Amino acid sequence: MRVSAVLIVLAVGAGAVFAQNPGDQVRYDQHKLVRVTLPSEPDIRAMLAVSELHLACRLGTGEQLFVVPPGRIEALNATGLAYVVVSENVQDLIDQERSAIQTRGGAWFDTFHTRDEINAYIDTLVALRPDLATKGAIGQSLEGRDIFGIRLTGPGGPAGKPAVLFNACQHAREWASPPVPMYIADQFIRNYDTDPQLASLLDGLTLYLVPVVNPDGYVYTWTSNRFWRKNRRNNGGGLFGVDLNRNWAMGWGGEGSSSNPDSETYRGTAAFSEPETQALRDFILAHPEIRAHIDFHSYSQLILSPWGFSTGEPDEPDRTIFRQLNDAVQAAILGVHGEFYVAGPAGATLYLAAGDMPDWTYGERGALGWTIELRPAGTPGFELPPEEIRPTVEENFAAILVLADYVANQVDFGFPNGLPETLAPGQATTIAVDIDGPIAAGSESLFYRVDGGAFVETSLTDLGGGAYEGMLPGQSCLASVDYYFQVTTQAGADRTSPPGAPGSAHSAAAGDLSDVFRDDFEADLGWSVQNVALTDGAWNRGVPAGAGDRGDPTSDYDGSGACYLTDNAPGNSDVDGGPTRLVSPAFDLSAPGVYRVGYARWFQNDDGDEDRLAVEISNDNGGSWTLVESVPGGGGWTWTRINVADYVAPTSQVVVRFSATDNPNDSVTEAGIDAFELTVVACDAAPCPGDLNGDGDRDLADLSVLLSNFGAPSGASDDDGDMDGDGDVDLADLSQFLALFGEACA
Ligand code: 0X9
Ligand code: ZN
């Protein structure tokens with residue numbers, strides 16, 4: 001789901017209301033809070049001419065909250081835009097919020113708190129359990145305030161315990177966010193002794209919590225301007241503030257950030273120009289054990305994974321991990337109070353914002369990073385009613401438990417000799433696996449299935465020190481085998497390689513692998529382009545000419561230089577109408593074999609799910625087509641490989657085509673194809689069992705090969721004497737061999 005199609009960077013500028021000197025009291029008397037419906041991009045501009053105070057960073061089409069100054073309501077009426085007045089007087093809202101805070105007694109999580117109160121509560125919590133909790137400053141803000149953090153961990157756990165980081169309030173006015181890390185500390189500290197789940201998590205993990213990353217801005221929202229977002233950097237010229245969530249180095253300076261010091265998304269003069277982001281960066285760099293984090297913001301109820309600076313997603317296997325965790329976090333939140341948070345990659349789901357925190361923690365450090373936008377979903381925006389603080393922190397406590405649990409149970413699979421894609425027919429294949437993580441002894445398994453049948457479980461052999469060996473039994477020639485590895489953690493969670501198993505699995509076929517066709521698109525190997533109702537943007541072959549400015553690739557996939565691209569020209573060029581079709585030559589796949597087609601594809605489309613890149617395959621030279629995949633926009637090169645027989649029966653006339661469309665022509669659509677390959681796994685003449693040296697008969701020389709391997713586990717080679725393919729060379733193999741001894745091969 002794409003929440004907003006268009007981002008217009010908000011430039012909050014002049015006007016009495018925006019006085020920005022420390023100590024100035026910014027009031028909103030007689031300002032109206034309106035919810036305006038903006039059907040299209042020109043409407044956004046029309047609305048900005050009425051008021052620039054938009055209550056959110058993102059400004060797209062749809063319903064949006066604006067503060068309209070006195071005297072501007074006529075201008076709003078003149079636009080003809082539909083709107084609802086949510087409040088006649090924004091200052092009343094602010095005053096009511098303040099008096100609700102002052103009069104509402106009771107528990108800590110039933111009201112908002114000043115920075116001093118937050119710090120005092122950190123002290124209270126730490127004093128309750130000094131054995132579990134420590135308070136520290138990760139650094140100082142521009143104005144010299146400490147940026148306080150809490151470290152929580154229980155006794156024991158593995159050496160170099162993994163850690164998670166939960167921080168909030170990079171954006172000053174997002175008052176819903178500091179209570180979340182505070183509640184996390186509160187719950188672990190108060191319930192450690194009575195809740196075994198929390199105790200075991202805290203023993204196995206370290207939690208770092210930073211409730212107020214931007215203390216200067218936060219204090220300023222209490223003393224001067226409730227809607228202040230940035231830090232309090234004096235940019236000169238009477239302009240203040242850097243958007244800390246545009247100041248991180250990953251993609252710094254790109255789309256969705258502003259070079260204008262007046263802007264709400266001003267990125268600063270350089271990446272990490274601000275002491276607040278420097279402090280958090282240095283803290284993260286000093287703690288390489290941090291494996292995951294959430295940066296809490298408000299509002300909109302969103303769970304946003306990388307990337308934020310582009311509309312793409314991380315490469316596999318992390319893409320699957322992020323998708324699974326997005327879903328799991330969403331379900332956990334929903335399960336507490338029934339609130340739905342939209343989940344997805346940040347750039348594609350919300351808007352591009354170069355220089356945000358999770359892109360850096362993931363891109364630079366490999367830690368899994370998220371932005372969570374808290375309640376409300378919309379109105380009243382940053383001023384969450386205090387009675388909603390508690391349900392907000394409760395549902396987000398469930399969210400962080402999902403991540404903490406994932407990290408505490410994280411298992412890494414390594415394959416020192418790689419993963420086999422072809423198997424020697426009739427021979428067992430041994431796969432070396434390194435497994436690192438808190439796994440339950442004896443749970444290590446290899447699952448495999450043959451020709452799409454049911455998965456069969458086999459145990460891995462434990463070689464000690466985290467090294468294991470799995471064995472795929474010998475298969476007849478051309479059998480196709482799917483397989484995956486699975487362990488159970490000590491806490492009872494299953495972990496697999498690949499992460500999406502059994503829905504996705506590693507795959508191999510029995511036989512010898514060879515190329516049918518391979519094309520890096522450096523030369524013309526017989527592709528044709530067929531256009532249907534296309535006005536512009538046909539496929540052409542060449543070195544990418546665009547600057548990536550329109551969502552097109554800046555380079556090819558395989559590094560050879562050229563690839564196929566739609567309308568390969570810089571600037572204003574993309575697919576209009578269509579489809580434009582890139583059609584392969586016809587391939588003769590009539591000989592027995594397992595045929596696979598692989599390709600790298602790029603598809604960028606800023607129209608949500610409307611336009612697709614279609615990949616199709618035909619086995620009658622284009623007479624009829626079967627869909628292989630329908631790719632939504634997202635950009636980024638993605639490598640894909642499919643088994644031809646899963647779509648069409650291989651014949652002498654197999655053709656593949658790639659069709660890119662922008663029809664109706666209403667969006668930016670860019671596609672690319674590179675590194676096309678068509679491979680076959682096939683078998684030579686029937687093997688001669690027992691002819692271990694391949695000389696055409698079964699004689700003493702073969703016997704001596706078998707005896708030299710006798711008693712040893714079978715290797716990957718097909719000629720070591722493991723006649724029955726059970727993974728070792730033993731008496732059963734010797735007796736099979738002797739039965740054939742002396743016979744010439746047929
Ligand atoms: O714009 C932001 O920094 C966040 N939204 S907020 O309204 N709290 O300011 C969202 C950042 C998510 N990242 C991307 N969309 N790239
Ligand atoms: Zn924010």
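Please read all numbers here as calculations on a predicted model, not as lab measurements.

(A) Highlighting the overall build of the chain. Of regular secondary structure, the chain possesses 14 helices and 36 strands. Its C-alpha atoms give the chain principal-axis dimensions of roughly 105 × 70 × 40 Å. Per-residue burial over the chain gives 54% buried out of 746 residues. Taking contacts inside the chain between residues at least 6 apart in sequence as the whole, the part at least 24 apart equals 75%.

(B) Representation of the coordination of the zinc ion (ligand 2) in the model. Protein coordination at the zinc ion (ligand 2) comes from His171 (ND1), Glu174 (OE), Glu174 (OE) and His297 (ND1), with a distance range of 2.0 to 2.2 Å. We note that the donor set of the zinc ion (ligand 2) lies within a single chain, spaced as H-x2-E-x122-H. With a gap of 123 residues between them, Glu174 in the loop between strand E7 (163-168) and helix H5 (179-191) and His297 in strand E11 (residues 290-298) connect regions that are remote in the sequence. The exposure classification of Glu174 matches that of His297, with both residues buried.

(C) Focus on the site of ligand 1. In the region of ligand 1, 17 residues are neighbours, and Arg229, Arg246, Tyr351, Asp356 and Glu373 sit closest. For ligand 1, a nitrogen atom lies 3.4 Å from a polar atom in the backbone of Ser298. Between a nitrogen atom of ligand 1 and a side-chain N or O atom of Asp356, the distance comes to 2.8 Å. Considered class by class, the residues forming the shell around ligand 1 number 6 nonpolar, 6 polar and 5 charged.

(D) Structural view of the domain arrangement of the chain. Examined at the domain level, the chain breaks down into domain 1 (5-95), domain 2 (104-408), domain 3 (412-509), domain 4 (516-682) and domain 5 (685-746). Between domain 3 and domain 5, the C-alpha centre-to-centre distance is 26 Å.

(E) Structural context of the sheet that holds strand E15 (residues 412-414). The strand order across the open sheet formed by 4 strands is E15-E17-E21-E20, and the pairing between neighbours is antiparallel. Each of the sheet's edge strands pairs with one partner strand only, and the pair in question is E15 and strand E20 (461-464). Between one strand axis and the next, the sheet turns by 30 degrees as a mean value, whatever way the strands run. Note that E15 and strand E17 (residues 429-436) share 3 bridges and pair antiparallel. Within E17, the position partnered with Asp412 by the bridge is Asp436.

(F) Broad picture of the side chain of Asn409. Position of Asn409 among the secondary structure elements: in the loop between helix H12 (389-408) and E15. What Asn409 contacts, discounting residues up to four positions off in sequence, is Pro438, Thr489, Ala491, Ala493 and Arg495.

(G) Looking closely at a nonpolar patch on the surface. On the surface, a cluster of nonpolar side chains totalling about 300 Å² of accessible area is made up of Leu700, Leu738 and Phe741. On the secondary structure map, Leu700 appears in helix H13 (residues 700-708). In this structure Leu700 comes out as exposed when scored by relative accessible area, which is 61%.

(H) Molecular detail of the nonpolar core. Leu152 and Phe188 are the most contacted members of the largest nonpolar core, which totals 86 residues. If one sorts the elements of this core by residue count, H12 sits on top with 13 residues. Ignoring any residue separated from it by four or fewer positions in sequence, one finds Leu152 in contact with Leu132, Ala133, Ile184, Ala185, Phe188, Ile189, Leu202, Leu205, Thr206, Leu207 and Leu209. Of all hydrophobic cores here, the second largest spans 30 residues; its members include Tyr595, Phe603, Phe676 and Leu678.

(I) Highlighting the pattern of salt bridges. Under the defined criterion, the tally for this structure stands at 28 salt bridges. With a closest N to O distance of 2.9 Å, Asp29 and Arg27 form a salt bridge. Note on Asp29: relative accessible area 33%, which makes it partly exposed. Salt bridges linked by common partners bring Glu421, Asp515, Arg518, Arg641 and Glu677 together as one network.

(J) Main features of the state of the cysteines. As enumerated under the stated definition, the model contains 1 disulfide in all. The disulfide partner of Cys477 is Cys683, and the S-S distance across this bridge is 1.0 Å. Taking the torsion about the sulfur-sulfur bond, which here is approximately 90 degrees, the covalent link between Cys477 and Cys683 counts as right-handed. You can see Cys477 sitting in the loop between strand E21 (467-472) and strand E22 (480-488) and its partner Cys683 sitting in the loop between strand E36 (669-682) and H13, a full 206 residues away along the chain.

(K) Examining the sheet that holds strand E13 (residues 342-345) more closely. The strand order E5-E6-E8-E7-E11-E14-E12-E13 describes an open sheet built from 8 strands, whose pairing is mixed. Looking at the sheet topology across the chains shown, the edges are occupied by strand E5 (133-140) and E13. On average, adjacent strands in this sheet sit at an angle of 20 degrees to one another, irrespective of strand direction. The strands touched by helix H4 (residues 115-128) within the sheet are E5 and strand E6 (146-153), with E5 carrying the most contacts at an inclination of about 145 degrees.

Rules of the game
- Residues numbered from 1 in each chain as written.
- Chains lettered and ligands numbered in written order.
- Predicted model: local features only at pLDDT ≥ 70, side-chain atom pairs only at ≥ 80, totals over all residues.
- Heavy atoms only, no water.
- Helix = DSSP H or I, 4+ residues; strand = E, 2+ residues; numbered from the N terminus.
- Buried < 20%, exposed > 50% of the residue type's maximum accessible area, 1.4 Å probe, protein only.
- Contact = heavy atoms within 4.5 Å.
- Donors = N, O, S within 2.8 Å, 3.2 Å for Na, K, Ca; no water.
- Near = heavy atom within 4 Å.
- Polar contact = N/O pair within 3.5 Å; in protein donor to acceptor, adjacent residues only side chain to side chain.
- Nonpolar A, V, L, I, M, F, W, Y, C, P; charged D, E, K, R; others polar.
- Domains from an automatic or database assignment.
- Pairing = 2+ DSSP bridges.
- Axes fitted to C-alpha atoms, helices over the stretch in contact; angles between N-to-C directions.
- Patch = residues over 30% accessible without salt bridge, like charges linked within 9 Å, V, L, I, M, F, W, Y side chains within 5 Å.
- Areas by Shrake-Rupley, 256 points an atom, 1.4 Å probe, with all protein chains shown as cover.
- Salt bridge = Lys/Arg side-chain N within 4 Å of Asp/Glu carboxyl O.
- Core = buried A, V, L, I, M, F, W, Y, C linked by side-chain atoms within 4.5 Å.
- Disulfide = S-S within 2.5 Å.

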